[in-house]
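Here's the letter readout for the chains.
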Amino acid sequence: MEIKELQEKVELHLSTVWKDEVKVSQIHHLSGGACQDNYSLDLVSKSGKQSLVLRTDKGASLLSSLSKRDEFKVAELVYKAGVKTPTPVFLEETPEVIGSPFFLMEKIGGKATGRYITKDKELDSYRKTKMVTDLAENLAKLHTVKPASVSDEELKQKLKIVTKDNYASIAISDLRQSLDELPEAHPAIELCLHWLESNAPSIDEIVLVHGDFRTGNFMMNAEGLQGILDYEFAHFGDRHEDIAWLCMRDWRFGRLNKEVGGFGDRKDFYAAYQKTSGIPVDPFKVTFWEIMGNVRWAIGSAQQTERHLSGKDKGIELAAIGRRTAEMEWEAMRLIEEINNAI
């Protein structure tokens, strides 16, 4: 859809729904990655001016990603839990308006790119003082959302009802199914899945997991953390998943010695998380889920490339992501070797 047509459709629809003449005074496309399309909108109406972001699907989504309705509902839960995140504003569940469901959220300042977060001099002071603490505190608040606190039964089912006893085995089984659906064999991933099955730790409590908590999915500037983004992979699970995902080698953007997102140290993040949550971080559980995360990202990378190779959703970005598969396989096996040597 051309951007002018999108503007006209959004104006008409919001004017009808809000019963207030709405004009889009500014609209432009934002980077949304391989699966998402984001647009910056400035709305003008009798109620005033609003700077918003429209978020919708670009094409075929990755397996396990939430619908726009469910992603919006998760954002509402997280916002109410006190997490610093853009205010959810409006949800359109039907595809009739612009061709796919979409939602509107507050537009916030800052940048999310890996190079900016990990290396830009503008963030030097914040990076040295509060970046790790702010992220750990907000993640701990996100994890206060539990299955019992979700009243929307449809959303609860989409987030997957699991128990402390069966969650790890379900997660591994889901990865096996995704692996089996790929057209080529990945023996390294099979090896890692076998290790995960044999070494699954206990889980202290089932909580809401962001599912993609990493450098690139939070906005920052010199004033600090502006907001956490992107809940399309949220689900119920182990709190250590999110911590492990943030620590994965692939999200350090070249600063490998800074194991937390390329900008911080694990001990500082663990301490800040424990201070807010009151729950200690278990290093073995983080490593377990870090191995799981690398396996998940290896399979996800292969899925993205298959979208391109199959012709379903061709694109150079999708094709290029495929190289990550071997990198993630290597890292998962490296972590297994490291933890086996330590035992």
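Residues numbered from 1 in each chain as written. Predicted model: local features only at pLDDT ≥ 70, side-chain atom pairs only at ≥ 80, totals over all residues. Heavy atoms only, no water.

### A short note on the overall build of the protein
Piece 1. Each helix and strand in the protein was counted, giving 13 helices and nine strands.
Piece 2. Here the C-alpha atoms of the protein give a radius of gyration of 20 Å, agreeing with the 20 Å that 2.2 N^0.38 yields for 343 residues.
Piece 3. Considered along the principal axes of its C-alpha atoms, the protein spans approximately 65 × 45 × 40 Å.
Piece 4. Counting only residues that meet the buried cut, the protein has 52% of its 343 residues in that class.
Piece 5. Taking the contacts inside the protein whose residues are at least 6 apart along the sequence as the reference set, 67% of them involve residues at least 24 apart. (Helix = DSSP H or I, 4+ residues; strand = E, 2+ residues; numbered from the N terminus. Rg over C-alpha atoms; globule rule 2.2 N^0.38 Å. Buried < 20%, exposed > 50% of the residue type's maximum accessible area, 1.4 Å probe, protein only. Contact = heavy atoms within 4.5 Å.)

### Topic: the packing of helix 7 (residues 167-180) against helix 11 (residues 283-309)
A pair of packed helices is characterised by two quantities: the angle between their axes and the separation of those axes.
Piece 1. At a minimum axis separation of 10 Å, helix 7 and helix 11 run at an interaxial angle of 25 degrees. Classified by the angle between their axes, helix 7 and helix 11 sit roughly parallel to one another. Once helix 7 is placed against helix 11, the crossing between them reads as left-handed. Contact residues: helix 7 offers Tyr-167, Ala-168, Ala-171, Ile-172, Leu-175, Ser-178 and Leu-179, while helix 11 offers Trp-289, Met-292, Val-295, Arg-296, Ile-299 and Gln-303.
Piece 2. For the contact of helix 7 with helix 11, a count of residues per class yields ten nonpolar, two polar and one charged. (Axes fitted to C-alpha atoms, helices over the stretch in contact; angles between N-to-C directions. Parallel < 35°, antiparallel > 145°, perpendicular 65-115°, else oblique. Left-handed = near helix turned anticlockwise from the far one by under 90°. Nonpolar A, V, L, I, M, F, W, Y, C, P; charged D, E, K, R; others polar.)

### Details of helix 9 (residues 239-247)
Piece 1. Across the nine residues that make up helix 9, a large majority, nine, are buried.
Piece 2. Every buried residue of helix 9 is listed here: Arg-239, His-240, Glu-241, Asp-242, Ile-243, Ala-244, Trp-245, Leu-246 and Cys-247.
Piece 3. Where helix 9 begins, the side chain of Asp-238 points an oxygen toward the backbone nitrogen of His-240, at a separation of 2.9 Å. (Polar contact = N/O pair within 3.5 Å; in protein donor to acceptor, adjacent residues only side chain to side chain.)

### Some thoughts on empty space enclosed by the protein
Piece 1. Inspection of every chain in the model, using the stated rule, returns one cavity of 30 Å³ or more.
Piece 2. In this structure, the largest cavity spans a volume of roughly 80 Å³.
Piece 3. Taken together, Arg-55, Glu-71, Ala-75, Thr-85, Pro-86, Phe-103, Met-105, Ile-228, Leu-229, Asp-230 and Tyr-231 form the lining of the largest cavity.
Piece 4. Only helix 2 (68-80) and strand 5 (102-106) provide two or more residues apiece to the lining of the largest cavity. (1 Å grid on protein atoms, 1.4 Å probe; cavity = no way out; pocket = protein on both sides within 12 Å on 5 of 7 lines; lining within 4 Å. Points joined across faces, edges and corners; volume = space filled by probe spheres on them.)

### Description of the pattern of salt bridges
Piece 1. Overall, the coordinates contain 33 salt bridges when judged by the stated rule.
Piece 2. Between Arg-239 and Asp-204 there is a salt bridge whose closest N-O contact spans 3.2 Å. Pair noted here: Arg-239 is in helix 9 and Asp-204 is in the loop between helix 8 (187-198) and strand 6 (206-209), with a separation of 35 residues, a long-range link.
Piece 3. The buried category is assigned to Arg-239, whose relative accessible area is 3%.
Piece 4. Classification of Asp-204 as partly exposed rests on a relative accessible area of 30%.
Piece 5. Connected through salt bridges with shared partners, the residues Arg-55, Asp-57, Lys-68, Glu-71, Asp-230 and Glu-232 form a single ionic network. (Salt bridge = Lys/Arg side-chain N within 4 Å of Asp/Glu carboxyl O.)

### Details of the side chain of Arg-252
Piece 1. Here Arg-252 shows up in the loop between helix 9 and helix 10 (266-277).
Piece 2. Since its relative accessible area comes to 3%, Arg-252 is described here as buried.
Piece 3. Setting aside residues up to four positions removed in sequence, Arg-252 forms contacts with Thr-118, Cys-247, Lys-258, Glu-259, Gly-261, Gly-262, Arg-266 and Glu-290.

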